[in-house]
Amino acid sequence: MTQRADSAHAPAALPGLPPAFAVPDAPLHIALRTEEDLLSVRHAVRAATLEVGFGIVDQTRVVTAVSELARNAYVHGGGGTLLIEYPRQNGRQGLRLTISDSGPGIRDVEEALADGFTTGGGLGHGLGGAKRLMDEFAVRSTPGQGATVTVTRWARP
């Protein structure tokens, strides 16, 4: 749980949660350039799930999905960035995570989403598994120009 000092820039508390639960006003950018950055991403995303007030199951889903996506950007895209945002929709708080890279892109997105598809000798649960763990999932990819995957999880009432 993150404590926030009262100030003109302090984010508002989430409805129905104690005042200590507040989401930041500004998005957070994290570079994905090294193995250590992958650990930083997991820690930052877990902290973000706490900011939103997710329970342990949703925390695990989000961190698992983003860990896979960040690793893909690092391994296949040569590195990239993670953007953490806190959207609100219909009175619900969400967590939106966008992972972008400038690598070769995803040749066939539909094929890459299929269970069992792998380019790196893994189990082949990557993109498809991340999609199943999140409420919203979108991929943009242009061969030779990189890929961007945006995922969102909404807090449960």
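Residues numbered from 1 in each chain as written. Predicted model: local features only at pLDDT ≥ 70, side-chain atom pairs only at ≥ 80, totals over all residues. Heavy atoms only, no water.

S.K.: Can you walk me through the overall build of the protein in this structure?
M.R.: Counting its secondary structure elements, the protein contains 4 helices and 6 strands. When the elements of the protein are put in sequence order from the N terminus, they spell out β-α-α-β-β-β-α-α-β-β. In the protein, which comprises 157 residues, the share counted as buried stands at 41%. Taking the intrachain contacts of the protein between residues at least 6 apart in sequence as the baseline, contacts between residues at least 24 apart amount to 59%. About 8,600 Å² of surface is accessible on the protein, with carbon and sulfur atoms providing 53% of the total. (Helix = DSSP H or I, 4+ residues; strand = E, 2+ residues; numbered from the N terminus. Buried < 20%, exposed > 50% of the residue type's maximum accessible area, 1.4 Å probe, protein only. Contact = heavy atoms within 4.5 Å. Areas by Shrake-Rupley, 256 points an atom, 1.4 Å probe, with all protein chains shown as cover.)

S.K.: Looking at this structure, I do not really get the pairing of strand 4 (residues 92-101). What am I missing?
M.R.: Of all 10 residues in strand 4, 7 are buried; the element is thus mostly enclosed. As paired strands, strand 2 (residues 80-85) and strand 4 are joined by 6 bridges and run antiparallel to one another. By the bridge assignment, Glu-85 is partnered in strand 4 with Arg-96. Count of turn residues in the strand 3 (residues 88-89)/strand 4 antiparallel hairpin: 2 residues, of which Asn-90 carries a positive phi of about 50°. (Pairing = 2+ DSSP bridges.)

S.K.: Would you mind going over the nonpolar core with me for this structure?
M.R.: Across soluble globular proteins, nonpolar side chains have a tendency to be buried as a group. Formed by 32 residues in total, the largest nonpolar core has its most connected members in Val-45, Val-66, Leu-82, Ile-84, Leu-95 and Leu-97. For this core, the secondary structure elements donating two or more residues are strand 1 (28-32), helix 1 (35-52), helix 2 (56-75), strand 2, strand 4, helix 4 (126-133) and strand 6 (146-154). Sorting elements by how many residues they give to this core places helix 2 first, with 7 residues. (Core = buried A, V, L, I, M, F, W, Y, C linked by side-chain atoms within 4.5 Å.)

S.K.: How should I be thinking about the side chain of Thr-49 in this particular structure?
M.R.: Position of Thr-49 relative to the elements: it lies in helix 1. The class for Thr-49 is buried, based on a relative accessible area of 0%. Only 2.6 Å separates the side chain of Thr-49 from the backbone oxygen of Arg-46, close enough to count as a polar contact. (Polar contact = N/O pair within 3.5 Å; in protein donor to acceptor, adjacent residues only side chain to side chain.)

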